[in-house]
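# Secondary and tertiary structure notes
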Amino acid sequence: MIHLPIVKAVDRKFEANPEEAPKEDIREAVLQLEKEGEWEVSRVPEPYMEVKTKYGRSKKIPVQKTWHHKSCGQCGHIPGYSTSIFWLNRAFGLDYHDPTDQTSCTAWNYYASATSNPEAQAAVAMRNFAAAAETGYFPIIHCGTSFGHYKEVRHALVHQPELRRKVKKILEKLGKKLVMPEEIVHYSEWVLAMRNRIAERQVLDMSMITATVHPACHYHKLVEDDAVYDSEIYGAQRTAIITSTLQALGIKVGDYSTWYDCCGFGFRHILVSRDFSRSFSVQRKIEVMMEEVNPDITVTHDTGCVTTLDQSQFAGKAHGKKVGLPVLSDSQIAALAMGAHPYKVLQMHWHNTDNTRFLEKLGIDHAKMWAEFEAEADKIRRGEKQFLTWEDAAK
Amino acid sequence: MAAKNTLDLSMNKYADVPYEEKERLFEEMKADHRWNHVLYGCYECGICVAACPSARFYDFSPRVIAQAAAREDVDLVYTLMNDSVWDCSQCFSCDRCPRQNSPGQIITVMREVAVKNGLKTAKEALEGYGRIIYKIMSTGTQVSPDMLQPNAFPDWGGHVKDISDNLDVWRKALPPETLHTTETGWQITDKTIIELYLIWHMTGVMKLIEGVDEGLFMILVDVMEERLEEAGYDNISFD
Ligand code: SF4
Ligand code: SF4
């Protein structure tokens, strides 16, 4: 592969003017449809935080009263990802709801196999939003794909009265109302908006850490106008997501030439054609990061990206590739900075690539921490306790 | 990253499929309500290809797909619908198209038409995928902890065995109460799953599955009927 010199993206700052945005602000149409009696709009609970999106518009981010739309891939295979999100909420004493009346968005399957249709996809989304509204909590989406997909669904529902009518009818049969949230919020936007509060509570110095960042395709490429941008981060020439959070924690973020590339997840590929996922992830992402930045960690904010970038390195190693880069989510890094346990909270043993050197660099005695986790696990094995509780995790 | 197979664009491969049939499928694509928002023409600039991960690995090009669709080249579209669309990663990196196309979404529509019409190549592409469809449609979560088995992910190394050996205990060692599950990503109420089944029925997804994988369809019907009956939905109309 030819490595081109990196032209720093910070030379010029872009201050976007929302008046000159090339695209409609779909949220206005969402509110207009409420006025016309087409649906209800659930409001971001006050007081909220605000961030700027690509064209300089303000986006409201709830502080609390959040309904956590979980991710099947996170909960199923990298559960420390979601656990860290909840841990952060608890550490700040925030009111949140972890629902059992929630299905997956089912978009992973849709993008992988096409065994669904827009009507079903919209009905699944609106069933979840209605379930959130019934609790009085506001949806916050853990998965990048669910986030992107729900925004596509919002667009379709706004612009297709016929689809709206059909979905409304389906929800009526389920005894549910058609409720569209005022904003569609990704958890990493919440982490970003909370970054200074997180930094105030930081107990672990991270200034010796260099990271690379992989922004998820379905976060900043799909419905691109809704991603967070900040003129202080890359001069607003690309999304500020994750980078802004890491910098607030004192982490150096290194730039690399394939930052825009996807991780290689591919939806169907990660399940049934992993030769593609492995090759792409190792050769276009991990090796490039290693050669150009040689970071201690790479941080991302989506289920598929953590999975692909982390799991693919095992085969890369077997092929003698330059790998060995731990992969974590921004929620895990933020929780770690605030003193969360690497195994009881971050659950780093579910990750594949060796992350002990990263922990050592932070001065964390991982052997001792693992022994602490194992002691709890043994109690569960022996039947002395049923579960590891939040109180146990705090010890 | 070596390309896998060369894409045969000679048009010989599907010469025996009547033009009318190919045209019918093309018309079905065009009738999709997304069509006019995902294809506006094509400059043939290749910007989409530059951003496309699948183009680096396969003999695959979003430009060729957008072009063929924009020129309404019915034969070529049919070939691509069979032999190319399943290589796409659905990452939507190609949404940077200066013509405002979304080649990735053109492909979503093409895949849906291929599945809906039970194309042999679509069935082949979905082989080995049935258990995933079963999981999402019957449980409401797509991937579950118990899928992490060494024989399913041999290329992920020994750590998958560690997880599967310790699965029950490690799930119980998760502080959030909703995550103690092994067969679903998180704990889901019966009512929620039943609502999901009703959505699959009411939106024609069950019919779609019947066309593409009859065995899977029958298993799903069994599982769902039992649950729906238990919940008192035995006489529900799905229209
Ligand atoms: S689809 Fe768009 S980006 Fe691709 S070649 Fe055509 S005009 Fe260029
Ligand atoms: S969505 Fe498909 S065609 Fe578009 S860039 Fe991604 S892999 Fe390529």
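Our subject is the structure that appears above.
In this convention, every chain numbers its residues from 1, walking through the sequence in written order. Following the order in which they are written, the chains are lettered starting with A and the ligands numbered starting with 1. Local features in a predicted model are, by the rule used here, given only for residues with pLDDT of at least 70; side-chain atom pairs are given and counted only at 80 or more, and totals for whole chains, interfaces and linings are based on all residues. Only hydrogens and water are set aside; all other atoms, that is, all heavy atoms of the structure, feed into the side-chain values.

### Here's the deal with the interface of chain A and chain B
The criterion used for residue contact is that any of the two residues' heavy atoms lie within 4.5 Å. Each partner contributes to the interface: chain A provides 85 residues, whereas chain B provides 82 residues. Where chain A abuts chain B, roughly 7300 Å² becomes buried across the two surfaces, and 64% of that area is made up of carbon and sulfur atoms. Interface area lost by chain A to chain B is led by His77, Thr100 and Trp350 of chain A, which between them contribute 9%. We define a salt bridge as a side-chain nitrogen of Lys or Arg found within 4 Å of a carboxyl oxygen belonging to Asp or Glu. Linking chain A to chain B there are four salt bridges. Side-chain atoms alone can form a polar contact between residues adjacent in sequence; in general such a contact is a pair of N or O atoms within 3.5 Å, and within protein one must be able to donate a hydrogen while the other accepts it. Across the chain A-chain B interface, the total number found is 30 residue pairs in polar contact (both at pLDDT 80 or more). The term buried area denotes the loss of accessible surface (1.4 Å probe radius) that occurs when two parts are joined, taken as the sum for both partners.

### Here we look at unusual backbone geometry
Cis rather than trans, the peptide bond between Glu46 of chain A and Pro47 of chain A has omega equal to -5°. Secondary structure is summarised from DSSP: a helix means a run of H or I of at least four residues, a strand means a run of E of at least two, and numbering begins at the N terminus for each. With respect to the helices and strands, Pro47 of chain A occurs in the loop between strand E1 (40-42) and strand E2 (48-52). A positive phi angle, close to 60°, is found at Ala236 of chain A, a residue other than glycine. Position of Ala236 of chain A relative to the elements: it lies in the loop between helix H10 (217-220) and helix H11 (243-248). For every residue, the accessible area (1.4 Å probe, protein chains only) is compared with the maximum for its type, and the residue is labelled buried under 20%, exposed over 50%, or partly exposed between those bounds. We classify Ala236 of chain A as buried; its relative accessible area is 15%. The backbone of Gln100 of chain B shows a phi angle near 70°, a positive value even though the residue is not glycine. Tracing the backbone shows Gln100 of chain B in the loop between helix H6 (74-83) and helix H7 (103-116).

### Here's the deal with the site of ligand 1
Residues and elements named next belong to chain B. Surveying the vicinity of ligand 1 reveals 14 residues, the closest of which are Cys42, Tyr43, Cys45, Cys48 and Cys97. Counting only elements with at least two residues in the shell around ligand 1, the list comes to helix H3 (47-51) and helix H5 (62-70). Three classes are used, and their members are as follows: Ala, Val, Leu, Ile, Met, Phe, Trp, Tyr, Cys and Pro are nonpolar, Asp, Glu, Lys and Arg are charged, and the others, Gly among them, are polar. Residue composition of the shell around ligand 1, by class: nine nonpolar, two polar and three charged. Being near a molecule or strand, for a residue, comes down to having at least one heavy atom within 4 Å of it.

### Describing helix H9 (residues 130-139) of chain B
With eight of its 10 residues buried, H9 of chain B lies for the most part within the structure. Of the residues making up H9 of chain B, those classed as buried are Gly130, Ile132, Ile133, Lys135, Ile136, Met137, Ser138 and Thr139 of chain B. Packed against the buried residues of H9 of chain B are helix H4 (107-113) and helix H12 (269-272) of chain A together with helix H12 (190-202), helix H13 (205-212) and helix H14 (214-230) of chain B. One or two residues past the end of H9 of chain B sits Gly140 of chain B, with phi positive at roughly 85°.

### Focus: empty space enclosed by the protein
All names here are of chain A. Residues are said to line a cavity or pocket when one of their atoms sits within 4 Å of a point; the points come from a 1 Å grid over protein atoms alone, cavities being sets where a 1.4 Å probe fits but cannot get out and pockets being open sets with protein on both sides within 12 Å along at least five of seven lines. Grid points are joined across faces, edges and corners, and a volume is the space filled by probe spheres set on the points. Evaluated as defined, the whole model comprises seven cavities of 30 Å³ or more. Roughly 240 Å³ of volume is contained in the largest cavity. If you trace the largest cavity, you find 25 residues lining it, with Thr145, Phe265, Phe267, Asp302 and Gly304 closest to the centre. Mapped onto the lining of the largest cavity, the elements with two or more residues apiece are helix H2 (72-77), helix H6 (144-159), H10 and helix H14 (303-311). Looking at which element gives the most residues to the lining of the largest cavity, the answer is H14, with three residues. Reported domain spans reflect what an automatic or database domain assignment gives. Both domains that furnish three or more residues to the lining of the largest cavity are identified here as domain 1 (25-187) and domain 2 (203-372).

### Quick look at the pairing of strand E8 (residues 210-214) of chain A
All names here are of chain A. Counting buried positions over the five residues of E8 gives five, a clear majority of the element. Burial along E8 is two-sided: Thr210, Thr212 and His214 facing one way and Ala211 and Val213 facing the other are all buried. When E8 meets strand E9 (residues 252-253), the two strands line up parallel, connected through two bridges. Paired with Ala211 across the strands is Val253, a residue of E9. As paired strands, E8 and strand E10 (residues 297-300) are joined by four bridges and run parallel to one another. Residue pairing in the sheet places Val213 in a bridge with Val299 of E10. Between any two strands, at least two bridges found by DSSP are needed for them to pair.

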